[in-house]
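Coordinates in review
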Amino acid sequence: MLQVAYLRDHKEEAIAQLAKRNIEAREMVDNAISLDEERRITQTELDSIKAEANKISKDIGGLFKSGAIDKANALKAKSADLKETIKQLENRLNTTKQDLENLLYKIPNIPHELVPAGNTEDDNEVVFEHGDIPKLPGDALPHWELAKKYDIIDFELGNKITGSGFPVYKGKGAKLQRALITYFLDKNTEAGYTEYQLPHLVNEASGFGTGQLPDKEGQMYHVSEDNLYLIPTAEVPATNIFRDTILNETDLPLKLTGYTPCFRREAGSYGAHVRGLNRLHQFDKVEILRIEHPNQSYEALKDMVEHVKGILNELKLPYRILRLCGGDLGFTSALTYDFEVFSTAQNRWLEISSVSNFETFQANRLKLRFKNKDAKNELCHTLNGSSLALPRVLAGILENYQTEDGIAIPEVLIPYTGFSHIN
RNA sequence: GGAGAAAUGGCAGAGUGGUCGAAUGCACCGGUCUUGAAAACCGGCGAGGGUCACACCUCCGGGGGUUCGAAUCCCUCUUUCUCCGCCA
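On a predicted model such as this, the values are computed, not experimentally measured, just so you know.

A word on the protein's contact with RNA strand B. By nearness alone, 19 residues border RNA strand B, and Arg-39, Ser-57, Ser-79, Arg-369 and Lys-371 come closest of all. Between RNA strand B and the protein, one listed contact pairs a sugar or linking oxygen with a side-chain N or O atom of Asp-47 at 2.9 Å. Between Ser-79 and RNA strand B, the recorded distance is 2.7 Å, taken from a side-chain N or O atom to a sugar or linking oxygen. Among the elements of the structure, helix H3 (26-65), helix H4 (69-106) and strand S14 (368-371) are those that each provide at least two residues to the surface near RNA strand B. In terms of residue count, the dominant contributor to the surface near RNA strand B is H3 (12 residues). Considered class by class, the residues forming the surface near RNA strand B number four nonpolar, six polar and nine charged.

Below, the structure written as structure tokens:
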């Protein structure tokens, strides 16, 4: 959620930057500013009437004590009038506040100046490429066929137990999965991220805190009996650790990592592009998250990108990094870098990580602040990224490491798997 | 799941209808003293809104109510603790 004060002070700039998302924001911004003004006027009026009412109540107390009952009763009548006015003003104030908030929920984050204009993923900017695309034998198979051939992932069994999009990993497949999780977590903790194990269900307030609610409600599985939501990403529980928090400046930066399964309804997405591991309802992901001082956050973003690069270099997977264009940029993000690994057998790029700086957008809604040098509370910047999403990394490994007689295991993973081939 | 108790500032802990945003202690920050530190003493020390700055308003787990006036009374929800039951 953007800050109204910012919109007021940087109106034209905000509108111009939002245009990169192909949004004509002028009307919304104008409305927000005028609703805020109305809010302040009403608030001031209400405050002064309340001040008067408070004073009267105190006077009544004094009059009762000194025995001036008649005078006290006369004041009571006056107080009743004020109460009526207070009620009306409060209603008006609440409506205005609600309108303002609803409007602010609809305005996405202001893109960073580096964000290229553009409509679709085709307009994303490739900023880095690494690794040669391996020459595979002519009969190279996509990962879902390899998974079947070597009996390491059973999609049909998942259908039986739950439904489509809930694969069953078994044998060396399960072990490889566990090895990847441990390897990622180890890399992250080595880089100074503190490991967390987080709840996989969150309450409504947490959903609002990170912006999944109210708009993207349909993305999450909802347990209505207890009004809880299955997490679509560890970002939700991890970021909500800091809801309603005031940190000391010296606490910054905070670096967290955690592994969780992720649950996404993905309603309406079916077809060739979602085969195999490409898109699932349940998948595993290791997340990194940072809480940063505002003037450090872009340095931190760079650092996170380098960190993810380091992991992919070690895994020796061909990948590229994209700077997302305005049209593809997530609602809450100011600047996002996507990592894609090349799926050789499918001949397409698969997104395996997304690293974003949200600046104060999340922090504002979360009320996550730090006390600055002037002892004033200031909003923190939040950043997060995947390091990494498991299924597509797994798909990348299976496809790119396939040989005539099986699948090789990337060298860095062998200490974790305990085997060097799947065959 | 059943019965009972509780929820107050960073922590501990007073406060049961009026001048209480809230005693006191600890922690923390600044100062005096000291070669330095500790101790002692003095001062400061929650958040949000609002203002150029004050004033002022709101907040004692959340929501609602009674009252001229609520941390204090009533209703409700949530959470925690104790006991019982169940259980990995």
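Still to come is the rest of the account.
A cluster of acidic side chains, namely Glu-121, Asp-122, Asp-123, Asp-328 and Glu-351, defines a negative patch on the protein surface. Examined against the element boundaries, Glu-351 turns out to sit in strand S13 (residues 348-359). According to the relative accessible area criterion, Glu-351 is partly exposed, its value standing at 32%.

What follows deals with helix H10 (residues 297-315). Taking 1.5 Å per residue, 19 residues should reach 27 Å; H10 reaches 27 Å between its end C-alpha atoms and fits that length. Within H10 the residues assigned to the buried category are Ser-297, Ala-300, Leu-301, Met-304, Val-305, His-307, Val-308, Lys-309, Ile-311, Leu-312 and Leu-315.

Structurally, Asp-328 is set in the loop between strand S11 (319-323) and strand S12 (335-343). Asp-328 sits 207 residues away from Glu-121 along the chain, and the two C-alpha atoms are 5.8 Å apart.

Right, let's get into the confidence of the model for chain A. Taken as a whole, chain A shows an average pLDDT of 90; of its residues, 98% reach a score of 70 or greater. The ipTM, which scores confidence in the relative placement of chains, is 0.83 for this predicted complex, and the corresponding pTM is 0.90.

Take the packing of aromatic side chains next. Evaluated as defined, the whole model comprises six aromatic pairs. Measuring from ring centre to ring centre gives 6.2 Å for Tyr-319 and Phe-339, while their planes differ by 25°; the resulting arrangement is stacked. In this pair, Tyr-319 sits in strand S11 while Phe-339 sits in strand S12, placing the two residues 20 residues apart along the sequence. For the residue pair Tyr-319 and Phe-339, the accessibility class agrees, reading buried in each case. Summarising the aromatic geometry, the rings of Phe-342 and Trp-349 are spaced 5.0 Å apart at their centres and angled 70° between planes, so their arrangement reads as edge-to-face. Looking at Phe-342, the relative accessible area reads 8%, which means it is buried. An aromatic cluster of three or more residues is present, and its members are Phe-128, Tyr-319 and Phe-339. The ring of Phe-128 has Lys-309 sitting right over it, with the charged end atom 3.8 Å from the ring centre.

On the basis of which strands lie adjacent, the open sheet formed by three strands has the order S5-S7-S6 and antiparallel pairing. Two strands bound the open sheet, and with one partner strand each, they are strand S5 (201-202) and strand S6 (222-223). The pairing of S6 with strand S7 (residues 228-230) spans two bridges and is classified as antiparallel. By the bridge assignment, Val-223 is partnered in S7 with Leu-228.

Calculation criteria
The residue numbers shown here count from 1 along each chain, following its written sequence. Chain A is the first chain written and ligand 1 is the first ligand written, with later ones labelled in order. Under the rules for a predicted model, residues below a pLDDT of 70 receive no local features and side-chain atom pairs below 80 are neither given nor counted, while totals for whole chains, interfaces and linings still include all residues. With hydrogens and water excluded, all non-hydrogen atoms of the structure serve as input to the side-chain values. Definition of nearness: a residue and a molecule or strand are near each other if at least one heavy atom of the residue lies within 4 Å of the molecule or strand. N or O atoms within 3.5 Å of each other form a polar contact, as long as, within protein, one can give a hydrogen and the other can take it, and as long as residues adjacent in sequence are counted only when both atoms are side-chain atoms. The helix and strand labels rest on DSSP assignments: H or I over at least four residues marks a helix, E over at least two residues marks a strand, and numbering proceeds from the N terminus. Amino acid classes used here: Ala, Val, Leu, Ile, Met, Phe, Trp, Tyr, Cys and Pro are nonpolar; Asp, Glu, Lys and Arg are charged; the rest, including Gly, are polar. Each patch is built from residues lacking any salt bridge and having more than 30% relative accessible area; the joining distance is 9 Å for like charges and 5 Å for nonpolar side chains (Val, Leu, Ile, Met, Phe, Trp, Tyr). All accessibility values rest on the Shrake-Rupley procedure with a 1.4 Å probe; residue burial counts only the protein chains present in the view. Any carboxyl oxygen of Asp or Glu within 4 Å of a side-chain nitrogen of Lys or Arg constitutes a salt bridge here. The charge count treats Lys and Arg as positive and Asp and Glu as negative. His and the chain ends do not count. By convention, charge coordinates are those of NZ in Lys, CZ in Arg, CG in Asp, or CD in Glu. Under the scheme applied here, a residue whose accessible area is under 20% of the maximum for its type counts as buried, over 50% as exposed, and between as partly exposed, the area being computed with a 1.4 Å probe on protein chains only. In this scheme, a helix's expected span is set at 1.5 Å multiplied by one less than its residue total. pLDDT gives the predictor's per-residue confidence on a scale running from 0 to 100. Stacked, tilted and edge-to-face are the three classes assigned to paired rings of Phe, Tyr and Trp, where Trp is represented by its six-membered ring and a pair needs centres within 6.5 Å; plane angles under 30 degrees give stacked, over 60 edge-to-face, the rest tilted. Both a distance and an angle decide whether a charge sits over a ring: NZ of Lys or CZ of Arg must be within 6 Å of the ring centre and within 35 degrees of the ring normal. Paired strands, in this sense, are two strands between which DSSP finds at least two bridges.

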